[in-house]
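Structure assessment
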Amino acid sequence: MLGKTVEEALNRQINRELYSAYLYLAMSAYFETANLKGFAKWMRIQAKEEQSHAFKFYDYVIARGGKASLLPIEAPRAKWASAGKVFEDVYAHEQKVTGMINALVDLAIKEKDHATFEVLQWFVKEQVEEEEHASEILGKIKSIGDVPGHLFYLDHEIGKRE
Ligand SMILES: [Fe+2]
Ligand SMILES: [Fe+2]
């Protein structure tokens, strides 16, 4: 049985993962209007991945006999000045999420909840990848020069994501 404090924290994380999905979908919509279809596709896949993170937590809460409660999802911003600015936000956002996951690990330790600790280890590793991918793409955009005309090659590259 899941303790109340851990249950509440996991439900907040479900919400944050769904917000991440919403944020990346907003970024995808921005790239659609900027005619950067490859970036739009990458973001759409990213949104799905975040949704799957939310579902992982959701399934876990239920598996432990907890109650999944769905909180309102904050609206993401809709406009960015450039692709570089979008990926600066992605990188900053993923760093913030890493902090949230680490705080959950701290809580699991404090509450002596070994099962939650174990589930969170997958997220600890996932966040390393998430930060790595965001900073890698941000670096590529910076090296090309964050100018729409220069981004089309990179857009094609990024769009290869399956
Ligand atoms: Fe996530
Ligand atoms: Fe993420």
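Quick notes on the rules
Residues numbered from 1 in each chain as written. Chains lettered and ligands numbered in written order. Predicted model: local features only at pLDDT ≥ 70, side-chain atom pairs only at ≥ 80, totals over all residues. Heavy atoms only, no water. Donors = N, O, S within 2.8 Å, 3.2 Å for Na, K, Ca; no water. Tetrahedral: all angles 85-135°; square planar, octahedral: opposite > 155°, others 65-115°. Helix = DSSP H or I, 4+ residues; strand = E, 2+ residues; numbered from the N terminus. Buried < 20%, exposed > 50% of the residue type's maximum accessible area, 1.4 Å probe, protein only. Axes fitted to C-alpha atoms, helices over the stretch in contact; angles between N-to-C directions. Left-handed = near helix turned anticlockwise from the far one by under 90°. Contact = heavy atoms within 4.5 Å. Nonpolar A, V, L, I, M, F, W, Y, C, P; charged D, E, K, R; others polar.

**Brief notes about the coordination of the iron ion (ligand 2)**
All of the protein donors around the iron ion (ligand 2) are Glu50 (OE), Glu94 (OE), Glu94 (OE) and Glu130 (OE); their distances to the metal are 1.9 to 2.6 Å. One way to put it: the 4 donor atoms around the iron ion (ligand 2) meet at angles of 53 to 149°, and that makes the site irregular. Expressed as a motif, the donor residue spacing for the iron ion (ligand 2) is E-x43-E-x35-E. The metal-metal distance between the iron ion (ligand 2) and the iron ion (ligand 1) is 3.4 Å, with Glu50 serving as a donor to both. Of this pair, Glu50 sits in helix H2 (residues 37-63) while Glu94 sits in helix H3 (residues 83-110); the two residues are 44 residues apart in sequence, bridging distant segments of the chain. For Glu94, a relative accessible area of 1% corresponds to the buried category.

**Regarding the packing of H2 against helix H5 (residues 151-158)**
Between H2 and H5, whose axes approach to 7 Å, the crossing angle comes to 35°. Of the two elements, H2 crosses H5, and the hand of that crossing is left-handed. Across from Lys37, Gly38, Phe39 and Trp42 in H2, the residues of H5 making contact are Leu151, Leu154, Asp155 and Ile158. Of the residues belonging to the contact of H2 with H5, the class tally is 5 nonpolar, 1 polar and 2 charged.

**Digging into unusual backbone geometry**
Backbone geometry places Asn35, a non-glycine residue, at a positive phi of 60°. Here Asn35 lies in the loop between helix H1 (4-33) and H2. A relative accessible area of 49% means that Asn35 is categorised as partly exposed. With phi around 55°, Lys112 is a residue other than glycine that occupies positive phi space. Turning to its location among the elements, Lys112 is positioned in the loop between H3 and helix H4 (114-144).

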